[in-house]
Amino acid sequence: MAVMLPDGEDLNEWVAVNTVDFFNQINMLYGTITDFCTEESCPVMSAGPKYEYHWADGTNIKKPIKCSAPKYIDYLMTWVQDQLDDETLFPSKIGVPFPKNFMSVAKTILKRLFRVYAHIYHQHFDPVIQLQEEAHLNTSFKHFIFFVQEFNLIDRRELAPLQELIEKLTSKDR
């Protein structure tokens, strides 16, 4: 399977490379539907009626705030980019060790990126179909889910908004 740790590969390095890839994919996928995800159409960041997300980055915004989906996703993508650009967290030079808290930071990034997938599936799936991006979205999400499940990077409870889809996408491959 494409998500398994290659022989001789460092786990942190593998998680880092894939986290960057998923960030880029989700950024691109979300970019195609920004015309449909507006302050008016998405006044709260949600994944269906039961799941609402409030933003906090722990630095600039310590107490979670309720905001529109486009604002939340902007905060999120900016925050993730800042993490990825931080050489102490995501070292780009060979031989520079990852920090002790790397896996914890990667898990937070992936948990938050999942929320963008969940928002797209719940709130914007019709435009995805109109734009003929369904196969691309499903392939990207399926790869993401297999990866986070392989390394236990997102708590099952966090995946609840897309549990049915996850079961459908992963059942025939296991």
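Right, let's walk through the structure included here. The structure displayed is predicted, hence computed values, not measured ones.

What about the layout of surface pockets?
Here the largest pocket defines a volume of roughly 170 Å³. Residue lining of the largest pocket: Asp10, Asn12, Glu13, Pro91, Ser92, Lys93, Ile94, Gly95, Val96, Pro97 and Phe98, and that is the complete set. By residue class, the composition of the lining of the largest pocket is five nonpolar, three polar and three charged.

A few points about the nonpolar core
Membership of the largest hydrophobic core comes to 58 residues, with the highest contact counts inside it found for Leu113, Phe114, Tyr117, Phe141, Phe144 and Leu162. Those elements that provide at least two residues to this core are helix H1 (11-31), helix H2 (69-85), helix H3 (102-123), helix H5 (134-150) and helix H6 (163-171). In terms of residue count, H3 provides more of this core than any other element does, 13 residues in total. Aside from chain neighbours lying at most four places away, what touches Phe114 is Phe141, Phe144, Ile154, Glu158, Leu159, Pro161, Leu162 and Ile166.

Here's the deal with unusual backbone geometry
Phi is positive for Gln132, which is not a glycine, with a value near 55°. Residue placement: Gln132 occurs in the loop between helix H4 (125-130) and H5. The exposure class assigned to Gln132 is exposed, which follows from its relative accessible area of 75%. We note that Asn152 has phi near 50°; this positive angle belongs to a residue other than glycine. Within the secondary structure layout, Asn152 lies in the loop between H5 and H6. Taking the relative accessible area as the measure of exposure, Asn152 reaches 59% and is therefore exposed.

Thoughts on the environment of Phe146
By secondary structure assignment, the location of Phe146 is in helix H5. Distance from Phe146 to Arg115, taken between C-alpha atoms, is 16 Å for residues 31 residues apart in sequence.

Calculation criteria
- Residues numbered from 1 in each chain as written.
- Predicted model: local features only at pLDDT ≥ 70, side-chain atom pairs only at ≥ 80, totals over all residues.
- Heavy atoms only, no water.
- 1 Å grid on protein atoms, 1.4 Å probe; cavity = no way out; pocket = protein on both sides within 12 Å on 5 of 7 lines; lining within 4 Å.
- Points joined across faces, edges and corners; volume = space filled by probe spheres on them.
- Nonpolar A, V, L, I, M, F, W, Y, C, P; charged D, E, K, R; others polar.
- Core = buried A, V, L, I, M, F, W, Y, C linked by side-chain atoms within 4.5 Å.
- Buried < 20%, exposed > 50% of the residue type's maximum accessible area, 1.4 Å probe, protein only.
- Helix = DSSP H or I, 4+ residues; strand = E, 2+ residues; numbered from the N terminus.
- Contact = heavy atoms within 4.5 Å.

Nothing here speaks to function; it is geometry throughout.
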